[in-house]
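Here's the letter readout for the chains.
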Amino acid sequence: MELQGSKGPLRILVLRARLIRANRRSQWLLLAGLLCLWNTSLLWLSHASDSVQCINLLLWLGILISLEDQLPSLWPRPSNVSAALGFSLITLVLIRGSSIIHQYDKFLSLALPVIALGLCLLNRPMAEWKLFRKPLAIAFLWQAFTPVGIFLGWSLSNILPNLSAFFTWLLLHGLGLKATVSGQKVLLGSGGVDVYLPCAGLEQIHFSLVIIVIFLIVFPLRKRSHIILALAASVPIAITCNVVRLALLAYFTSWPNGEGMGLFDFFHESHGSLIFSLIAASLVSYLYLRILDRELLVK
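How each quantity is defined
Residues numbered from 1 in each chain as written. Predicted model: local features only at pLDDT ≥ 70, side-chain atom pairs only at ≥ 80, totals over all residues. Heavy atoms only, no water. Phe/Tyr/Trp six-rings, centres within 6.5 Å; stacked < 30°, edge-to-face > 60°. Helix = DSSP H or I, 4+ residues; strand = E, 2+ residues; numbered from the N terminus. Pairing = 2+ DSSP bridges. Axes fitted to C-alpha atoms, helices over the stretch in contact; angles between N-to-C directions. Contact = heavy atoms within 4.5 Å. Salt bridge = Lys/Arg side-chain N within 4 Å of Asp/Glu carboxyl O. Buried < 20%, exposed > 50% of the residue type's maximum accessible area, 1.4 Å probe, protein only. Expected span 1.5 Å × (residues − 1). Arc of directions from axis to C-beta. Patch = residues over 30% accessible without salt bridge, like charges linked within 9 Å, V, L, I, M, F, W, Y side chains within 5 Å. Areas by Shrake-Rupley, 256 points an atom, 1.4 Å probe, with all protein chains shown as cover. Polar contact = N/O pair within 3.5 Å; in protein donor to acceptor, adjacent residues only side chain to side chain. Lys, Arg positive; Asp, Glu negative; His and termini not counted. Charge placed at Lys NZ, Arg CZ, Asp CG, Glu CD.

Any chance you could explain the packing of aromatic side chains here in plain terms?
One pass over the structure, following the stated rule, counts 8 aromatic pairs. Geometrically, the ring pair formed by Phe166 and Trp169 is tilted, given 5.8 Å between the ring centres and 40° between the ring planes. Of the two residues, Phe166 and Trp169 are both situated in helix H8 (residues 160-174); the distance of 3 residues between them amounts to about one turn of the helix. Three or more aromatic residues link up through ring pairs in this structure, and these residues are Phe166, Phe167 and Trp169.

Now the structure itself:
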């Protein structure tokens, strides 16, 4: 009887230990959420471009998805060294981030990777870093953001504007509108568009490629041909979405008395251009998931 009676206090101790571990995990997740909000606010207050802010949110979403299956095991058990180092990194990024006043501060590209590394160290010792290899890989995509953009701009600068202008003319012509094309210029009635590189779909291509890379990290494909297909298909999808945007811009400029210039400005310089980036992102995501489903069915 005494042995059975001792099970009550033992169960209470086990339950208390589980609650403490669950609370520590909740506190760690709360800290991660607050740092995400701080990082997002930092980009907004520094007047970073809309595309940069969207990429930042996209990376945070990728980090969350990569940790979704590991949430039950994310009880913080850092060593004293990793906890001290993680706390130091978080403190450093908060102090340094408070001095950022413009979008050209190079520390903006380091904020997310440093935050992710600090959070990982606050959860596990350095020897267990493999538990966070996927979220860390996604966070450090920030470091590849600018070089990839420069490479895309350099490699596509001669062909992308003319190609986008030609397909814009083709779309307008197919819709029965009397448009003409000359190089990178598309003329329609009294208006038209001059397609420079930044407006030729470079942003949509960049955005789509980032999504594909995040998917490859979180949900890797087994076949090399499928990987090549996902990467290669993202480019024409992005260009097609931007061609639709360019056709709309050309159409708005052809309205009499400049009545369409308000819509032109919205889809050219305001948040309207992001709509087509999000459409391209949705189509690319759908394509990737279909490829992934095909691999799972074959398996």
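Got a minute to help me understand the sheet that holds strand E1 (residues 179-182) in this structure?
Two pairing modes exist for strands in a sheet, parallel and antiparallel, and in both the strands are linked by backbone hydrogen bonds. Across the sheet, which stays open at both edges, the 3 strands sit in the order E1-E2-E3 with antiparallel pairing between neighbours. Among the strands making up the open sheet, the edge pair consists of E1 and strand E3 (191-194). Taking each pair of neighbouring strands and ignoring which way they run, the sheet shows an average axis angle of 15°. Note that strand E2 (residues 185-188) and E3 share 4 bridges and pair antiparallel. Each residue of the ladder has a partner; that of Leu187, found in E3, is Gly192. Together, E2 and E3 form the strand contacts of helix H10 (residues 224-253), whose direction differs from that of E3 by roughly 145°.

Would you explain the environment of Ala247 in this entry?
Within the element layout of this structure, Ala247 appears in helix H10. C-alpha of Ala247 to C-alpha of Val186: the two residues are 61 residues apart in sequence and 8.9 Å apart in space. Setting aside residues no more than four positions away along its own chain, Ala247 makes contact with Thr168, Leu171 and Leu172.

Looking at this structure, how should I read the pattern of salt bridges?
A side chain with one charge may pair with a side chain of the opposite charge, provided their charged atoms come close. In total, this model carries 1 salt bridge according to the counting rule given. As a salt-bridge pair, Glu128 and Arg124 come within 3.1 Å of each other at their nearest N and O atoms. On the accessibility criterion, Glu128 (38% relative accessible area) is partly exposed.

Help me understand helix H4 (residues 80-97), please; the structure alone is not making it clear to me.
The periodicity of an α-helix, 3.6 residues per turn, causes residues three or four places apart in sequence to face the same way. With 18 residues, H4 should cover 26 Å at 1.5 Å per step; its first-to-last C-alpha distance of 26 Å lies within 8% of that length. For H4, every residue scored as buried is listed here: Ser82, Gly86, Leu89, Ile90, Val93 and Gly97. Taken end-on, H4 shows its buried residues confined to a sector of 95°, consistent with a single buried face. Exposed side chains of H4 directed beyond 90 degrees from the buried face belong to Asn80, Val81, Phe87 and Ile95.

What exactly am I supposed to notice about helix H9 (residues 202-218) here?
Its 17 residues give H9 an end-to-end C-alpha distance of 25 Å, which sits within 8% of 24 Å, the value for a rise of 1.5 Å per residue. Among the 17 residues in H9, 14 count as buried, and that is most of the element.

Explain a nonpolar patch on the surface to me, please; I cannot follow it from the model alone.
Taken together, the side chains of Ile159, Leu163, Phe166, Phe167, Leu170 and Val181 present a nonpolar region at the surface, about 460 Å² in accessible area. With 4 residues, H8 is the single largest residue contributor to the nonpolar patch. Classification of Phe166 by relative accessible area gives partly exposed; the value is 38%.

What am I meant to see in unusual backbone geometry here?
Of all residues except glycine, most have a negative phi; of all peptide bonds, most are trans. A positive phi is found at His47, a non-glycine position, where the angle reads about 60°. Structurally, the position occupied by His47 is in the loop between helix H2 (7-45) and helix H3 (50-67).

So what exactly am I meant to see when it comes to the side chain of Thr168 here?
Within the secondary structure, Thr168 sits in helix H8. In this structure Thr168 comes out as buried when scored by relative accessible area, which is 0%. At 2.6 Å, the side chain of Thr168 and the backbone oxygen of Ser164 are in polar contact. Filtering out sequence-adjacent residues up to four positions away, Thr168 remains in contact with Val186, Val243, Leu246 and Ala247.

Would you explain a positive patch on the surface in this entry?
Positive charge collects at one region of the surface, where Arg222, Lys223, Arg290 and Arg294 lie side by side. For Lys223, the position within the fold is in the loop between H9 and H10. Overall, Lys223 belongs to the partly exposed group, its relative accessible area being 39%.

Quick question: what am I supposed to make of the environment of Ala200 here?
Looking at where Ala200 falls in the secondary structure, it is placed in the loop between E3 and H9. Between the alpha carbons of Ala200 and Trp75 there is a distance of 47 Å; along the sequence they are 125 residues apart. What Ala200 contacts, discounting residues up to four positions off in sequence, is Leu160, Pro161, Ser164, Val195 and Asn242.

These results come straight from atomic positions and should not be treated as a statement about function.
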